[in-house]
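Structural overview
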Amino acid sequence: MNYEPVIGLEVHAQLKTQSKIFCGCSTKFDAKENELTCPVCTGMPGCLPVLNKRAVEFAIKMALATQCRINEKSLFARKHYFYPDLPKGYQISHYDKHLAQKGHIEISIGGQIKKIRLHRIHMEEDAGKNIHGTFSSYVNLNRAGIPLIEIVSEPDVRSSQEAGAYLREIRSILRYLEVCDGNMEEGSFRCDVNVSVRPVGQKEFGIRCEVKNINSFRFVEKAIEYEMGRQIEVLESGAKVIQETRLWDSDQNKTFSMRSKEEAHDYRYFPEPDLHPLIVEPHWVEEIKRTLPELSSEKKTRFIKMYQLSEYDASLLTQEKSLAQYFESVVEICKEPKLATNWILSELLREFGPEQVESSPITPQHLGELLVLIMKGTISGKIAKHVFEKMLQTGQAPQAIVQKEGLVQVSDSTQIEALVEEVLKEQKVFVDKYHAGQAKLFGFFVGEVMKKSHGKANPAMVNEFLKKKLKGA
Amino acid sequence: MHITKQLVEHLAKLSLLELSPEEVERYTQELDSLMGYFEKLNRLDTAHIDPTFHVEPPTNVFREDEVRESFKREDLLPVFPAQEDGAIKVPKIIEAS
């Protein structure tokens, strides 16, 4: 029998605020254990949470960027469970009256656009972090009270590739909005996956399992594939899939069952009496809407139109906002989008990841100036690569390097003619072979002239003179 | 709704409370009579009344996103029963079977 998976994804994204969601403790990552705590986030009796306004703004931004409907009134609730990393004994979270719902994003799969619907976006506080030792566990509450949004998709995803594309798009939107840094290693972007399988053609969903603890896109794809295989095997053997939470083990490449505690799923939610309902009036939403930046999909469309780029190049350049900005700054200086694209995609991105381009020693100003030097014929493309290397090492302006190293291209016809004649004289044997029909020797002559000029001769002119002289000789 | 012994035991488990059989018996009766009172309230028709979770009118109370000084660790950690190297020490948590 053929099966298809039905996949829903939950993303927990850490909002990039300076302070926690309900208190003034810092959200910085590199702090000593339990250094960023206070009575509120450690759950001391008698303290009151006060909602961080910027966290709400960030959540609304994401809701708007994903076409969600924003609820004018939403309500925080207490979600109860016992765990050492949850100092209050409950987590404050939106519950049945969420911040936003019914949105969607678009992903591109093999050139096809597919819409994935979002069920909801809600806000909640993060818990602390447990480290497990041999005999004890150790709790660090620095994360407790970090603002999160949970983005829950509808079960619209049908393959591990679609899941990967969905997560990359969500991450890209968050980063474009500058509301989350998307750092999976530091835990500021985490995802849980709900997977079930059903025979192709069946309308009803199968019984699903939730896989937690996945901290890279590759692992998400692998975990989904593993779960599909496992569940199909269970069904084929005539048994039933048990609804449960499973963990991904990236060392063994498999998921395994968490001890299921049915009773623990009773979270006894009730409205948080310490917080007022959150009121988001339309004029506030409008105000935030005006601050939304151009997102990657819009930017991509604009790049294709405005700069005549291929869809592939445009999607590479817009995968990261800072990279797209870098590209546009370079184009502004050199006015040659295609040349700028080639240099950024093949040279710059070989040295840096898309997220690091911004902090590369080569500023967009300098790269633009380098391309101008090529276009004006001051240096050849080959010399430009050498200058590029120097710029990488020193961070200097291209003109300074060209001047210091005497790399200006020789475009003086007398000089080039002399070099060509010299080479043809020295390589008499090969010139004869050339005339005897070995036309590919032409490239060899070009190489020899270039060598003699220390790479500085204008290649177009070298070609021209060689052709002329070889014909005449 | 009637409170049964099983429900009290379930609630005790969720709340991490150890109850003796006598306590279970006693709480079952006490909670059951308490629920009787809610039964009485439930007879009122509140279909068209919003639940009152808060007595004040709904207005947003926000704080600006500003960092304030945190606890000193030396003050925080002694509050907990055990600590080690700046971390709060708890009995080993077993996450998975």
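Residues numbered from 1 in each chain as written. Chains lettered and ligands numbered in written order. Predicted model: local features only at pLDDT ≥ 70, side-chain atom pairs only at ≥ 80, totals over all residues. Heavy atoms only, no water.

Brief notes about the overall build of chain A
When its secondary structure is counted, chain A shows 15 helices and 17 strands. For 473 residues, the compact-globule estimate of 2.2 N^0.38 gives 23 Å, and the C-alpha radius of gyration of chain A, at 30 Å, exceeds that figure by more than 25%. Projecting the C-alpha coordinates of chain A onto the three principal axes gives extents of approximately 95 × 55 × 50 Å. Classification of the 473 residues of chain A by burial places 51% in the buried group. Of the contacts formed within chain A by residues at least 6 apart in sequence, a portion of 69% connects residues at least 24 apart. Split by element, the accessible area of chain A, about 22500 Å² in all, is 50% carbon and sulfur. (Helix = DSSP H or I, 4+ residues; strand = E, 2+ residues; numbered from the N terminus. Rg over C-alpha atoms; globule rule 2.2 N^0.38 Å. Buried < 20%, exposed > 50% of the residue type's maximum accessible area, 1.4 Å probe, protein only. Contact = heavy atoms within 4.5 Å. Areas by Shrake-Rupley, 256 points an atom, 1.4 Å probe, with all protein chains shown as cover.)

Some points on helix α8 (residues 337-351) of chain A
All names here are of chain A. Between its terminal C-alpha atoms α8 stretches 20 Å, which fits the 21 Å expected from 15 residues at 1.5 Å a residue. The principal kink in α8, of about 35 degrees, is found at Ile-344. If you check which residues of α8 are buried, you get Pro-337, Ala-340, Thr-341, Trp-343, Ile-344, Leu-345, Glu-347 and Leu-348. (Expected span 1.5 Å × (residues − 1). Bend = angle between axes of the 7 residues up to and from the residue.)

Description of the pattern of salt bridges
All names here are of chain A. Under the definition given, this model contains 38 salt bridges over all chains. Here Glu-328 and Arg-302 are joined by a salt bridge, their closest N and O atoms 2.9 Å apart. Placement of Glu-328 in helix α7 (residues 321-334) and of Arg-302 in helix α5 (residues 296-307) is noted, with a sequence separation of 26 residues between them. By relative accessible area, Glu-328 is classed as buried at 18%. Sharing partners across several salt bridges, the network here consists of Arg-171, Arg-175, Glu-320 and Glu-355. (Salt bridge = Lys/Arg side-chain N within 4 Å of Asp/Glu carboxyl O.)

Describing the packing of α5(A) against α7(A)
All names here are of chain A. Interhelical geometry of α5 versus α7 gives an angle of 20 degrees and a closest axis separation of 12 Å. Taken together, the axis directions place α5 and α7 in an arrangement best described as roughly parallel. Note that α5 runs across α7; the crossing there is left-handed. Within the contact between the two elements, α5 uses Lys-299, Arg-302, Phe-303 and Tyr-307 and α7 uses Ala-324, Phe-327, Glu-328 and Val-331. Each residue belonging to the contact of α5 with α7 can be placed in one class, and the counts come to 5 nonpolar, no polar and 3 charged. (Axes fitted to C-alpha atoms, helices over the stretch in contact; angles between N-to-C directions. Parallel < 35°, antiparallel > 145°, perpendicular 65-115°, else oblique. Left-handed = near helix turned anticlockwise from the far one by under 90°. Nonpolar A, V, L, I, M, F, W, Y, C, P; charged D, E, K, R; others polar.)

Brief notes about the environment of Lys5(B)
Residue and element names in this part refer to chain B. One can find Lys-5 in helix α1 (residues 5-14). For the pair Lys-5 and Gln-29, spaced 24 residues apart in the sequence, the C-alpha separation amounts to 8.9 Å. Residues in contact with Lys-5, not counting those within four places in the same chain, are Val-24, Glu-25 and Thr-28.

Some details on the domain arrangement of chain A
Interfaces are often described in size by the accessible area the parts lose on coming together. All names here are of chain A. Parsing chain A into structural domains produces domain 1 (3-288), domain 2 (296-404) and domain 3 (413-472). Relative placement of domain 1 and domain 2: their C-alpha centres are 37 Å apart. Listed per partner, the contact involves 6 residues of domain 1 and 8 residues of domain 2. Of the roughly 650 Å² buried between domain 1 and domain 2, counting both surfaces, carbon and sulfur atoms make up 32%. Linking domain 1 with domain 2 are 4 salt bridges, by the criterion used here. Ionic pairing is found between Glu-355 and Arg-171, a salt bridge with its closest N-O pair at 3.1 Å. In this structure, the connection of domain 1 to domain 2 is made through 6 residue pairs in polar contact (both at pLDDT 80 or more). (Domains from an automatic or database assignment. Buried area = accessible area lost by both parts, 1.4 Å probe. Polar contact = N/O pair within 3.5 Å; in protein donor to acceptor, adjacent residues only side chain to side chain.)

As for the sheet that holds strand β9 (residues 129-132) of chain A
Judged by pairing direction, the sheet is antiparallel, and its 4 strands sit side by side in the order β9(A)-β10(A)-β3(B)-β2(B) without closing on themselves. A strand with exactly one partner marks an edge of an open sheet, and here the two such strands are β9 of chain A together with β2 (83-84) of chain B. In the sheet, strand β10 (residues 136-140) of chain A pairs with strand β3 (residues 87-91) of chain B via 4 bridges, with the strands oriented antiparallel. Across the sheet, the residue bridging to Val139(A) is Ile88(B), located in β3(B). (Pairing = 2+ DSSP bridges.)

A few points about the interface of chain A and chain B
Contact with chain A, which involves 58 residues of that partner, is made by 41 residues of chain B. Overall, the association of chain A and chain B removes approximately 4300 Å² of surface from exposure, summing both partners, and the carbon and sulfur fraction of that is 59%. Between Asp65(B) and Arg54(A) there is a salt bridge, with the nearest N and O atoms lying 3.2 Å from each other. At the junction of chain A and chain B, the tally comes to 19 residue pairs in polar contact (both at pLDDT 80 or more). Considering each element in turn, the side of chain A that touches chain B owes the most residues, 4 residues, to β10(A). Looking at side-chain class alone, the side of chain A that touches chain B contains 30 nonpolar, 17 polar and 11 charged residues. The sheet contact formed by strand β2 (residues 51-52) of chain A and strand β1 (residues 62-63) of chain B spans 2 bridges and is parallel. Bridging from a neighbouring strand, Asn52(A) pairs with Arg63(B) of β1(B).

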